[in-house]
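The chain contents come next:
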Amino acid sequence: MEKRIVPAQKFSADIALPGDKSISHRYAMIAAIAEGETRIRNYSTGADCHSTLGCVRGLGIDVAGSGTEFTIRGQGLDGLRAPAADLDAGNSGSTIRMLSGILAGQPFVSRIFGDESLSRRPMRRIMTPLAQMGAEIRAREGKFPPLEIHGARLRPIEYALPVASAQVKTCVLLAGLFAEGETSVVEPVRSRDHTEIALREFGAEVTVERRKIAVAGRPKLAARELAVPSDLSSAAFFIVAALLVPGSNLAVRGVGLNPTRSALLDFLTGMGAKIRVPNLESHNGELVGDIVVEHAPLRGGTIANGLTAALIDEIPVLAVLGAATEEGIAVKDASELRIKETDRIRTVVENLRRMGIAAEELPDGLVVPGRQKFHAARIDSFGDHRIAMAFAVAALRADGESTIQGAEAVSISFPEFWETLARLG
Ligand code: S3P
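Quantities reported herein were computed from a predicted structural model and do not represent experimental measurements.

1. Some points on the site of the ligand
If you check the shell around the ligand, you find Ser22, Arg26, Ser94, Arg97, Ala164, Ser165, Ala166, Gln167, Arg192, Ile312, Asp313 and Lys340 and nothing else. Between serine 22 and the ligand, the recorded distance is 2.7 Å, taken from a side-chain N or O atom to an oxygen atom. Serine 165 is positioned such that a nitrogen or oxygen atom in its side chain is 2.6 Å from an oxygen atom of the ligand. Coverage of the ligand by the protein amounts to 94% of the 390 Å² it exposes when considered alone. For the shell around the ligand, a count of residues per class yields 3 nonpolar, 4 polar and 5 charged. When residues are assigned to domains, the shell around the ligand turns out to be shared by domain 1 (2-18 + 229-422) and domain 2 (21-227), each giving three or more.

2. What about the sheet that holds strand β3 (residues 35-41)?
The strand order across the open sheet built from 4 strands is β4-β5-β3-β14, with neighbouring strands paired in mixed fashion. Looking at the sheet topology across the chains shown, the edges are occupied by β4 (62-66) and β14 (225-227). Taking each pair of neighbouring strands and ignoring which way they run, the sheet shows an average axis angle of 15 degrees. Pairing geometry for β3 and β14, over 3 bridges, is parallel. Pairing of isoleucine 40 across the sheet is with leucine 226, part of β14. Along the sheet, helix α1 (residues 21-32) makes contact with β3, β5 (69-75) and β14, crossing β5 at roughly 35 degrees.

3. As for the sheet that holds strand β20 (residues 329-331)
The 4 strands lie next to each other as β19-β20-β22-β21, forming an open sheet whose pairing is mixed. Taken across any chain shown, the strands that pair with only one partner, and hence form the sheet edges, are β19 (301-303) and β21 (360-362). Strand-to-strand, the axes of this sheet are offset by a mean angle of 15 degrees, without reference to chain direction. Bridge analysis of β20 against strand β22 (residues 365-368) gives 3 bridges, and the strand direction is antiparallel. Across the sheet, the residue bridging to isoleucine 329 is valine 368, located in β22. Each of β21 and β22 is contacted by helix α11 (residues 344-354), which is oriented at about 170 degrees to β21, the strand it contacts most.

4. Quick notes on the pairing of strand β12 (residues 206-209)
Looking along a regular strand, one sees side chains alternate from face to face of the sheet. Relative to strand β13 (residues 212-216), β12 is paired through 4 bridges, and the arrangement is antiparallel. Bridge pairing in β13 places threonine 207 opposite alanine 214.

5. Section: the domain arrangement of the protein chain
According to the domain assignment, the protein chain consists of domain 1 (2-18 + 229-422) and domain 2 (21-227). Taking only C-alpha atoms into account, the centre of domain 1 sits 28 Å from that of domain 2. Taken residue by residue, the interface counts 26 residues in domain 1 and 29 residues in domain 2. For the domain 1 face of the interface with domain 2, the top three residues by lost area are Asn284, Glu341 and Ile412, together amounting to 27%. Between domain 1 and domain 2 we count 3 salt bridges in total.

6. What to know about the packing of α11 against helix α12 (residues 385-395)
Closest axis-to-axis distance for the α11/α12 pair is 11 Å, and the angle between their directions is 30 degrees. Judged on the interaxial angle alone, α12 and α11 are roughly parallel. Between α11 and α12 lies a crossing of right-handed hand. From α11, Arg344, Thr347, Val348, Asn351 and Leu352 reach across to α12, where they touch His385, Arg386, Ile387 and Phe391. Taken together, the residues that form the contact of α11 with α12 break down as 4 nonpolar, 3 polar and 2 charged.

7. Here we look at helix α7 (residues 232-244)
Given a rise of 1.5 Å per residue, 13 residues ought to cover 18 Å, and the 18 Å separating the end C-alpha atoms of α7 matches this to within 8%. The buried fraction of α7 amounts to 13 of the 13 residues, a majority that puts the element mostly inside the structure.

8. So, the state of the cysteines
Inspection of the entire model under this criterion finds 0 disulfides. With no disulfide of its own, cysteine 49 has cysteine 55 as its nearest cysteine by sulfur position, at a separation of 12 Å. Classification of cysteine 55 by relative accessible area gives buried; the value is 1%.

9. Side note on the packing of aromatic side chains
Taken as a whole and assessed by the stated rule, the structure comprises 6 aromatic pairs. Centre to centre, the rings of tyrosine 43 and phenylalanine 70 are 5.4 Å apart; their planes meet at 70 degrees, and the pair counts as edge-to-face. Here the residue tyrosine 43 occupies a position in the loop between β3 and α2 (47-58), and phenylalanine 70 occupies one in strand β5, the gap between them amounting to 27 residues. Exposure remark for phenylalanine 70: the relative accessible area of 3% places this residue in the buried category. Summarising the aromatic geometry, the rings of phenylalanine 414 and phenylalanine 417 are spaced 5.6 Å apart at their centres and angled 75 degrees between planes, so their arrangement reads as edge-to-face. You can call phenylalanine 417 buried: its relative accessible area is 0%. Ring pairing ties together the aromatic residues Phe237, Phe238, Phe414, Phe417 and Trp418, which thus form one cluster. Against the face of phenylalanine 382 rests arginine 346, its NZ or CZ located 5.5 Å from the ring centre.

10. Looking at the pattern of salt bridges
Taken as a whole and assessed by the stated rule, the structure comprises 35 salt bridges. Here glutamate 196 ties to lysine 169 by a salt bridge, and the two come within 2.8 Å at their closest N and O atoms. Here glutamate 196, found in helix α6 (residues 194-201), pairs with lysine 169, found in helix α5 (residues 166-176); they are 27 residues apart in sequence, far enough to count as distant. Linking glutamate 201 and arginine 224 is a salt bridge whose minimum nitrogen-to-oxygen distance equals 2.9 Å. Of this pair, glutamate 201 sits in helix α6 while arginine 224 sits in the loop between β13 and β14, and the two are 23 residues apart along the sequence. Beyond isolated ion pairs, a larger network of salt bridges with shared partners links Asp86, Arg111, Glu136, Arg138 and Glu148.

Rules of the game
- Residues numbered from 1 in each chain as written.
- Predicted model: local features only at pLDDT ≥ 70, side-chain atom pairs only at ≥ 80, totals over all residues.
- Heavy atoms only, no water.
- Near = heavy atom within 4 Å.
- Polar contact = N/O pair within 3.5 Å; in protein donor to acceptor, adjacent residues only side chain to side chain.
- Areas by Shrake-Rupley, 256 points an atom, 1.4 Å probe, with all protein chains shown as cover.
- Nonpolar A, V, L, I, M, F, W, Y, C, P; charged D, E, K, R; others polar.
- Domains from an automatic or database assignment.
- Pairing = 2+ DSSP bridges.
- Helix = DSSP H or I, 4+ residues; strand = E, 2+ residues; numbered from the N terminus.
- Axes fitted to C-alpha atoms, helices over the stretch in contact; angles between N-to-C directions.
- Contact = heavy atoms within 4.5 Å.
- Buried area = accessible area lost by both parts, 1.4 Å probe.
- Salt bridge = Lys/Arg side-chain N within 4 Å of Asp/Glu carboxyl O.
- Parallel < 35°, antiparallel > 145°, perpendicular 65-115°, else oblique.
- Left-handed = near helix turned anticlockwise from the far one by under 90°.
- Expected span 1.5 Å × (residues − 1).
- Buried < 20%, exposed > 50% of the residue type's maximum accessible area, 1.4 Å probe, protein only.
- Disulfide = S-S within 2.5 Å.
- Phe/Tyr/Trp six-rings, centres within 6.5 Å; stacked < 30°, edge-to-face > 60°.
- Lys NZ or Arg CZ within 6 Å of the ring centre and 35° of its normal.

Structural data, given as C-alpha coordinates:
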(Lines give C-alpha, C1' and ligand atoms only; values in the text may rest on other atoms or scores of the structure.)
Protein backbone atom coordinates (compact mmCIF):
# COMPACT_ATOMS: atom_id res chain seq x y z
CA MET A 1 0.00 0.00 0.00
CA GLU A 2 1.19 3.47 -0.90
CA LYS A 3 0.23 6.70 0.92
CA ARG A 4 0.54 10.21 -0.44
CA ILE A 5 1.46 12.94 2.00
CA VAL A 6 1.08 16.63 1.28
CA PRO A 7 3.00 19.21 3.29
CA ALA A 8 1.18 20.39 6.42
CA GLN A 9 0.04 23.88 7.31
CA LYS A 10 0.29 24.86 10.95
CA PHE A 11 -2.11 22.70 12.95
CA SER A 12 -3.77 22.62 16.31
CA ALA A 13 -4.84 19.11 17.33
CA ASP A 14 -6.02 17.04 20.26
CA ILE A 15 -5.47 13.38 19.45
CA ALA A 16 -6.04 9.93 20.94
CA LEU A 17 -3.50 7.17 20.58
CA PRO A 18 -3.52 3.37 20.95
CA GLY A 19 -2.53 1.67 24.18
CA ASP A 20 1.14 1.20 24.94
CA LYS A 21 2.62 -1.74 23.08
CA SER A 22 5.21 -2.71 25.70
CA ILE A 23 2.69 -2.69 28.55
CA SER A 24 0.00 -4.53 26.56
CA HIS A 25 2.35 -7.47 25.82
CA ARG A 26 3.30 -7.77 29.47
CA TYR A 27 -0.25 -7.59 30.81
CA ALA A 28 -1.43 -10.29 28.39
CA MET A 29 1.43 -12.67 29.17
CA ILE A 30 1.27 -12.28 32.93
CA ALA A 31 -2.55 -12.47 32.94
CA ALA A 32 -2.28 -15.87 31.24
CA ILE A 33 -0.30 -17.31 34.17
CA ALA A 34 -2.21 -15.47 36.90
CA GLU A 35 -5.23 -16.99 38.60
CA GLY A 36 -8.60 -15.67 37.48
CA GLU A 37 -10.01 -13.19 35.00
CA THR A 38 -7.89 -10.18 34.15
CA ARG A 39 -9.72 -7.40 32.35
CA ILE A 40 -7.52 -5.13 30.25
CA ARG A 41 -8.81 -1.82 28.90
CA ASN A 42 -7.13 0.22 26.14
CA TYR A 43 -5.13 -2.81 24.97
CA SER A 44 -2.88 -1.93 22.01
CA THR A 45 -4.55 -2.24 18.62
CA GLY A 46 -1.18 -3.03 17.04
CA ALA A 47 -0.65 -6.33 15.25
CA ASP A 48 2.30 -7.14 17.53
CA CYS A 49 0.12 -7.20 20.63
CA HIS A 50 -2.41 -9.32 18.77
CA SER A 51 0.38 -11.77 18.01
CA THR A 52 0.84 -12.07 21.77
CA LEU A 53 -2.90 -12.69 22.29
CA GLY A 54 -2.78 -15.35 19.55
CA CYS A 55 0.11 -17.11 21.28
CA VAL A 56 -1.64 -16.95 24.65
CA ARG A 57 -4.73 -18.54 23.06
CA GLY A 58 -2.47 -21.16 21.47
CA LEU A 59 -1.38 -22.11 24.99
CA GLY A 60 -4.96 -22.97 25.92
CA ILE A 61 -5.91 -19.69 27.57
CA ASP A 62 -9.33 -18.22 26.93
CA VAL A 63 -9.11 -14.64 25.65
CA ALA A 64 -12.46 -12.92 25.19
CA GLY A 65 -13.16 -9.44 23.86
CA SER A 66 -12.40 -7.31 20.85
CA GLY A 67 -11.15 -3.87 19.92
CA THR A 68 -9.25 -2.54 22.89
CA GLU A 69 -10.90 -4.49 25.70
CA PHE A 70 -9.99 -8.07 26.52
CA THR A 71 -10.60 -10.52 29.33
CA ILE A 72 -7.95 -13.17 29.84
CA ARG A 73 -8.89 -16.18 31.94
CA GLY A 74 -5.58 -17.03 33.58
CA GLN A 75 -5.04 -20.59 34.76
CA GLY A 76 -2.16 -20.00 37.16
CA LEU A 77 1.53 -20.80 36.85
CA ASP A 78 0.86 -24.43 35.96
CA GLY A 79 -2.20 -23.92 33.80
CA LEU A 80 -0.83 -23.54 30.26
CA ARG A 81 -1.40 -26.38 27.80
CA ALA A 82 0.99 -27.71 25.17
CA PRO A 83 0.13 -25.87 21.95
CA ALA A 84 -1.49 -27.94 19.23
CA ALA A 85 0.21 -25.83 16.55
CA ASP A 86 3.34 -23.71 16.30
CA LEU A 87 2.96 -20.31 17.96
CA ASP A 88 3.08 -17.33 15.57
CA ALA A 89 4.89 -14.23 16.87
CA GLY A 90 4.42 -12.37 13.57
CA ASN A 91 6.72 -9.35 13.40
CA SER A 92 7.04 -9.08 17.16
CA GLY A 93 10.42 -9.37 18.85
CA SER A 94 8.75 -8.68 22.20
CA THR A 95 6.37 -11.63 21.76
CA ILE A 96 9.01 -14.19 20.89
CA ARG A 97 11.66 -13.03 23.35
CA MET A 98 9.45 -12.40 26.36
CA LEU A 99 7.11 -15.36 25.90
CA SER A 100 10.11 -17.69 25.56
CA GLY A 101 10.77 -17.05 29.25
CA ILE A 102 7.36 -18.50 30.08
CA LEU A 103 7.68 -21.36 27.59
CA ALA A 104 11.03 -22.34 29.10
CA GLY A 105 9.30 -23.15 32.39
CA GLN A 106 6.63 -25.45 30.93
CA PRO A 107 6.51 -29.25 31.11
CA PHE A 108 6.13 -29.43 27.31
CA VAL A 109 7.84 -28.57 24.04
CA SER A 110 6.66 -25.58 22.03
CA ARG A 111 7.71 -24.06 18.75
CA ILE A 112 7.45 -20.35 18.06
CA PHE A 113 8.12 -18.63 14.74
CA GLY A 114 7.79 -15.23 13.11
CA ASP A 115 7.68 -13.40 9.78
CA GLU A 116 10.63 -12.83 7.49
CA SER A 117 11.95 -9.84 9.47
CA LEU A 118 11.63 -11.57 12.85
CA SER A 119 13.28 -14.68 11.41
CA ARG A 120 16.47 -12.65 10.95
CA ARG A 121 16.57 -11.21 14.47
CA PRO A 122 19.02 -12.55 17.07
CA MET A 123 17.76 -14.93 19.74
CA ARG A 124 21.02 -16.02 21.41
CA ARG A 125 20.51 -13.21 23.89
CA ILE A 126 17.57 -15.11 25.38
CA MET A 127 18.80 -18.64 24.63
CA THR A 128 21.92 -18.19 26.77
CA PRO A 129 20.20 -17.31 30.07
CA LEU A 130 17.33 -19.75 29.50
CA ALA A 131 19.84 -22.56 28.88
CA GLN A 132 21.60 -21.62 32.12
CA MET A 133 18.26 -22.00 33.85
CA GLY A 134 17.91 -25.51 32.44
CA ALA A 135 15.73 -25.18 29.32
CA GLU A 136 16.86 -26.58 26.00
CA ILE A 137 16.27 -24.31 23.03
CA ARG A 138 16.92 -25.09 19.40
CA ALA A 139 17.06 -22.34 16.83
CA ARG A 140 17.67 -22.04 13.12
CA GLU A 141 21.44 -21.78 12.63
CA GLY A 142 21.65 -21.85 16.41
CA LYS A 143 20.44 -18.26 16.74
CA PHE A 144 17.38 -17.34 14.65
CA PRO A 145 13.65 -18.14 14.87
CA PRO A 146 11.87 -20.49 14.68
CA LEU A 147 12.68 -21.58 18.22
CA GLU A 148 11.91 -25.01 19.61
CA ILE A 149 11.70 -24.66 23.36
CA HIS A 150 11.99 -27.75 25.53
CA GLY A 151 10.63 -26.53 28.84
CA ALA A 152 12.13 -27.78 32.08
CA ARG A 153 12.11 -27.36 35.84
CA LEU A 154 14.12 -24.17 35.91
CA ARG A 155 16.91 -23.21 38.27
CA PRO A 156 17.16 -19.60 39.47
CA ILE A 157 20.15 -17.64 38.16
CA GLU A 158 21.77 -14.27 38.62
CA TYR A 159 22.27 -12.98 35.11
CA ALA A 160 24.35 -9.98 34.03
CA LEU A 161 22.77 -8.75 30.80
CA PRO A 162 25.42 -8.26 28.13
CA VAL A 163 23.12 -5.90 26.16
CA ALA A 164 20.71 -3.23 27.37
CA SER A 165 17.46 -4.97 26.48
CA ALA A 166 14.17 -4.84 28.33
CA GLN A 167 12.97 -7.79 26.27
CA VAL A 168 15.80 -9.99 27.51
CA LYS A 169 15.40 -8.74 31.09
CA THR A 170 11.70 -9.58 30.88
CA CYS A 171 12.39 -13.01 29.43
CA VAL A 172 14.65 -13.92 32.36
CA LEU A 173 12.30 -12.47 35.00
CA LEU A 174 9.30 -14.33 33.54
CA ALA A 175 11.32 -17.55 33.50
CA GLY A 176 12.29 -16.79 37.10
CA LEU A 177 8.63 -17.06 38.10
CA PHE A 178 8.85 -20.78 37.36
CA ALA A 179 12.11 -21.42 39.27
CA GLU A 180 12.32 -22.15 43.00
CA GLY A 181 14.17 -19.28 44.70
CA GLU A 182 15.28 -15.87 43.53
CA THR A 183 16.18 -15.05 39.93
CA SER A 184 17.91 -11.76 39.24
CA VAL A 185 19.08 -9.68 36.33
CA VAL A 186 21.75 -6.99 36.41
CA GLU A 187 21.36 -4.40 33.67
CA PRO A 188 24.23 -2.48 32.05
CA VAL A 189 21.94 0.57 31.83
CA ARG A 190 18.43 0.98 33.12
CA SER A 191 15.81 -0.14 30.61
CA ARG A 192 12.03 0.20 30.64
CA ASP A 193 10.66 -1.31 33.84
CA HIS A 194 7.09 -2.20 32.85
CA THR A 195 7.67 -5.86 33.71
CA GLU A 196 8.78 -5.07 37.23
CA ILE A 197 5.74 -2.82 37.74
CA ALA A 198 3.29 -5.29 36.17
CA LEU A 199 4.63 -8.26 38.12
CA ARG A 200 4.14 -6.36 41.37
CA GLU A 201 0.60 -5.43 40.29
CA PHE A 202 -0.19 -9.12 39.85
CA GLY A 203 1.27 -9.88 43.30
CA ALA A 204 4.82 -11.08 42.59
CA GLU A 205 7.66 -10.07 44.84
CA VAL A 206 10.10 -7.92 42.88
CA THR A 207 13.02 -6.09 44.43
CA VAL A 208 15.18 -3.50 42.73
CA GLU A 209 18.57 -2.48 44.04
CA ARG A 210 20.42 -0.13 41.74
CA ARG A 211 20.65 -2.05 38.46
CA LYS A 212 19.80 -5.45 39.92
CA ILE A 213 16.21 -6.65 39.64
CA ALA A 214 15.18 -9.81 41.48
CA VAL A 215 11.97 -11.82 41.40
CA ALA A 216 10.92 -14.51 43.86
CA GLY A 217 10.01 -17.77 42.14
CA ARG A 218 6.68 -19.62 42.27
CA PRO A 219 4.52 -16.63 43.33
CA LYS A 220 0.76 -16.72 43.42
CA LEU A 221 -0.28 -14.25 40.74
CA ALA A 222 -3.77 -12.84 41.07
CA ALA A 223 -5.94 -11.51 38.22
CA ARG A 224 -6.35 -7.73 37.98
CA GLU A 225 -8.41 -4.96 36.39
CA LEU A 226 -5.95 -3.03 34.26
CA ALA A 227 -5.94 0.00 31.99
CA VAL A 228 -3.11 0.50 29.51
CA PRO A 229 -1.89 4.09 29.08
CA SER A 230 -1.52 5.48 25.56
CA ASP A 231 1.78 4.77 23.86
CA LEU A 232 4.45 7.48 24.22
CA SER A 233 6.46 5.90 21.40
CA SER A 234 3.43 6.43 19.11
CA ALA A 235 2.90 9.93 20.51
CA ALA A 236 6.51 10.68 19.53
CA PHE A 237 5.58 10.92 15.83
CA PHE A 238 2.96 13.57 16.47
CA ILE A 239 5.06 15.45 19.00
CA VAL A 240 7.80 15.70 16.37
CA ALA A 241 5.20 16.73 13.75
CA ALA A 242 4.21 19.66 15.98
CA LEU A 243 7.86 20.59 16.41
CA LEU A 244 8.48 20.41 12.65
CA VAL A 245 5.56 22.50 11.46
CA PRO A 246 5.90 26.15 12.60
CA GLY A 247 2.94 27.55 14.51
CA SER A 248 1.54 24.14 15.48
CA ASN A 249 0.39 22.87 18.81
CA LEU A 250 -0.74 19.48 19.99
CA ALA A 251 -2.32 17.77 22.98
CA VAL A 252 -2.24 14.03 23.60
CA ARG A 253 -4.23 12.61 26.53
CA GLY A 254 -3.52 9.80 28.97
CA VAL A 255 -0.05 8.92 27.75
CA GLY A 256 2.28 6.58 29.64
CA LEU A 257 5.04 8.70 31.18
CA ASN A 258 6.98 6.03 33.02
CA PRO A 259 10.37 7.67 33.75
CA THR A 260 12.18 4.80 31.98
CA ARG A 261 10.30 5.75 28.81
CA SER A 262 9.98 9.52 28.97
CA ALA A 263 13.58 10.49 28.14
CA LEU A 264 12.12 11.73 24.85
CA LEU A 265 10.42 14.64 26.59
CA ASP A 266 13.57 15.61 28.51
CA PHE A 267 15.67 15.41 25.37
CA LEU A 268 13.27 17.61 23.40
CA THR A 269 12.90 20.09 26.25
CA GLY A 270 16.69 20.24 26.52
CA MET A 271 16.80 21.33 22.86
CA GLY A 272 14.28 24.11 23.51
CA ALA A 273 10.89 22.42 22.96
CA LYS A 274 7.93 23.78 24.90
CA ILE A 275 6.29 20.73 26.48
CA ARG A 276 3.95 20.48 29.45
CA VAL A 277 2.65 17.31 31.09
CA PRO A 278 -0.52 18.21 33.02
CA ASN A 279 -2.84 15.81 34.84
CA LEU A 280 -0.22 13.37 36.11
CA GLU A 281 -1.65 10.30 37.82
CA SER A 282 -0.57 6.78 38.64
CA HIS A 283 -2.55 3.88 37.12
CA ASN A 284 -1.62 0.31 38.00
CA GLY A 285 1.79 1.58 39.10
CA GLU A 286 2.44 3.38 35.80
CA LEU A 287 2.72 7.17 35.56
CA VAL A 288 0.16 8.60 33.12
CA GLY A 289 -0.50 12.17 31.99
CA ASP A 290 -1.31 14.48 29.10
CA ILE A 291 1.33 15.95 26.82
CA VAL A 292 0.92 19.46 25.45
CA VAL A 293 3.46 20.65 22.88
CA GLU A 294 3.92 23.96 21.12
CA HIS A 295 6.17 24.50 18.14
CA ALA A 296 9.50 26.13 18.98
CA PRO A 297 12.86 26.33 17.22
CA LEU A 298 15.24 23.64 18.47
CA ARG A 299 18.99 23.68 19.00
CA GLY A 300 19.90 20.05 18.24
CA GLY A 301 21.75 17.54 20.39
CA THR A 302 23.58 14.27 20.86
CA ILE A 303 22.09 10.92 21.80
CA ALA A 304 24.70 8.58 23.29
CA ASN A 305 25.34 5.99 26.01
CA GLY A 306 22.37 5.28 28.28
CA LEU A 307 20.25 7.89 26.51
CA THR A 308 20.47 5.86 23.30
CA ALA A 309 18.91 2.85 25.04
CA ALA A 310 16.21 5.03 26.57
CA LEU A 311 15.30 6.54 23.17
CA ILE A 312 15.87 3.46 21.03
CA ASP A 313 12.38 3.35 19.43
CA GLU A 314 12.23 7.13 18.94
CA ILE A 315 15.55 7.52 17.13
CA PRO A 316 14.12 7.24 13.58
CA VAL A 317 11.78 10.19 14.11
CA LEU A 318 14.40 12.14 16.10
CA ALA A 319 16.82 11.70 13.19
CA VAL A 320 14.18 13.27 10.95
CA LEU A 321 13.76 16.12 13.41
CA GLY A 322 17.52 16.64 13.49
CA ALA A 323 17.53 18.03 9.96
CA ALA A 324 15.19 20.84 11.05
CA THR A 325 17.18 21.84 14.16
CA GLU A 326 19.90 24.48 14.34
CA GLU A 327 22.84 22.18 14.97
CA GLY A 328 21.53 18.77 13.94
CA ILE A 329 21.27 15.51 15.88
CA ALA A 330 24.02 12.92 16.31
CA VAL A 331 23.24 9.37 17.46
CA LYS A 332 25.98 7.16 18.93
CA ASP A 333 26.24 3.79 20.71
CA ALA A 334 23.25 2.57 18.72
CA SER A 335 24.38 -0.69 17.11
CA GLU A 336 21.14 -2.24 18.50
CA LEU A 337 19.31 -0.15 15.88
CA ARG A 338 20.77 -2.38 13.18
CA ILE A 339 18.89 -5.42 14.48
CA LYS A 340 15.41 -3.96 14.91
CA GLU A 341 12.52 -4.67 12.50
CA THR A 342 14.93 -3.33 9.84
CA ASP A 343 18.49 -2.07 10.09
CA ARG A 344 17.21 1.33 11.21
CA ILE A 345 20.51 3.11 10.73
CA ARG A 346 20.50 2.11 7.08
CA THR A 347 16.76 2.63 6.45
CA VAL A 348 16.74 6.05 8.14
CA VAL A 349 19.83 7.29 6.26
CA GLU A 350 18.51 5.90 2.95
CA ASN A 351 15.17 7.70 3.30
CA LEU A 352 16.74 10.94 4.55
CA ARG A 353 18.93 10.98 1.45
CA ARG A 354 15.88 10.36 -0.76
CA MET A 355 14.47 13.57 0.73
CA GLY A 356 17.66 15.42 -0.14
CA ILE A 357 18.84 15.48 3.48
CA ALA A 358 22.56 14.98 4.06
CA ALA A 359 23.17 12.29 6.68
CA GLU A 360 26.26 10.38 7.67
CA GLU A 361 25.98 6.68 8.47
CA LEU A 362 28.25 5.44 11.29
CA PRO A 363 28.78 1.80 12.27
CA ASP A 364 26.80 2.42 15.47
CA GLY A 365 24.83 5.56 14.74
CA LEU A 366 24.25 8.46 12.40
CA VAL A 367 24.76 12.20 12.12
CA VAL A 368 22.12 14.50 10.65
CA PRO A 369 23.32 18.10 10.29
CA GLY A 370 20.79 20.83 11.00
CA ARG A 371 19.17 23.60 8.96
CA GLN A 372 18.31 21.38 6.01
CA LYS A 373 15.34 21.42 3.66
CA PHE A 374 13.10 18.40 3.13
CA HIS A 375 12.33 17.63 -0.52
CA ALA A 376 9.32 15.62 -1.62
CA ALA A 377 10.37 12.02 -2.32
CA ARG A 378 9.33 8.42 -2.76
CA ILE A 379 9.96 6.88 0.64
CA ASP A 380 10.20 3.16 1.37
CA SER A 381 9.16 1.84 4.78
CA PHE A 382 11.10 -1.38 4.07
CA GLY A 383 8.21 -3.01 5.95
CA ASP A 384 9.15 -1.26 9.21
CA HIS A 385 6.34 0.54 11.07
CA ARG A 386 8.55 3.14 12.72
CA ILE A 387 10.26 4.00 9.43
CA ALA A 388 6.87 4.50 7.71
CA MET A 389 5.67 6.82 10.49
CA ALA A 390 8.93 8.75 10.91
CA PHE A 391 9.02 9.62 7.21
CA ALA A 392 5.30 10.38 6.98
CA VAL A 393 6.11 13.06 9.56
CA ALA A 394 9.15 14.22 7.56
CA ALA A 395 6.90 14.54 4.50
CA LEU A 396 4.75 17.10 6.35
CA ARG A 397 7.68 19.48 6.09
CA ALA A 398 8.56 18.74 2.42
CA ASP A 399 8.26 21.07 -0.55
CA GLY A 400 5.65 18.95 -2.36
CA GLU A 401 3.77 15.66 -2.27
CA SER A 402 5.70 12.62 -1.02
CA THR A 403 4.72 8.97 -1.16
CA ILE A 404 5.32 6.26 1.41
CA GLN A 405 5.59 2.77 -0.01
CA GLY A 406 4.80 -0.10 2.34
CA ALA A 407 2.50 2.21 4.30
CA GLU A 408 0.60 -0.77 5.75
CA ALA A 409 3.54 -1.46 8.06
CA VAL A 410 2.09 1.04 10.56
CA SER A 411 -0.43 -1.64 11.61
CA ILE A 412 2.31 -3.33 13.63
CA SER A 413 2.03 -0.74 16.39
CA PHE A 414 -0.47 1.92 15.27
CA PRO A 415 -3.17 0.86 12.76
CA GLU A 416 -4.97 4.21 13.18
CA PHE A 417 -1.84 6.20 12.27
CA TRP A 418 -2.97 7.39 8.81
CA GLU A 419 -6.39 8.54 10.04
CA THR A 420 -4.77 10.32 12.96
CA LEU A 421 -2.27 12.01 10.65
CA ALA A 422 -5.12 13.14 8.37
CA ARG A 423 -6.68 14.87 11.39
CA LEU A 424 -3.75 17.26 11.48
CA GLY A 425 -5.27 18.75 8.31
C1 S3P B 1 10.78 -3.33 24.18
C2 S3P B 1 12.14 -3.19 24.32
C3 S3P B 1 13.01 -2.65 23.26
C4 S3P B 1 12.18 -1.89 22.23
C5 S3P B 1 10.97 -2.65 21.78
C6 S3P B 1 10.07 -2.92 22.97
C7 S3P B 1 10.02 -3.87 25.31
O8 S3P B 1 13.67 -3.70 22.62
O9 S3P B 1 12.98 -1.58 21.12
O10 S3P B 1 10.26 -1.92 20.81
O11 S3P B 1 8.78 -3.76 25.32
O12 S3P B 1 10.63 -4.42 26.23
P13 S3P B 1 15.03 -4.35 23.21
O14 S3P B 1 14.71 -5.07 24.45
O15 S3P B 1 15.51 -5.27 22.12
O16 S3P B 1 15.95 -3.18 23.41
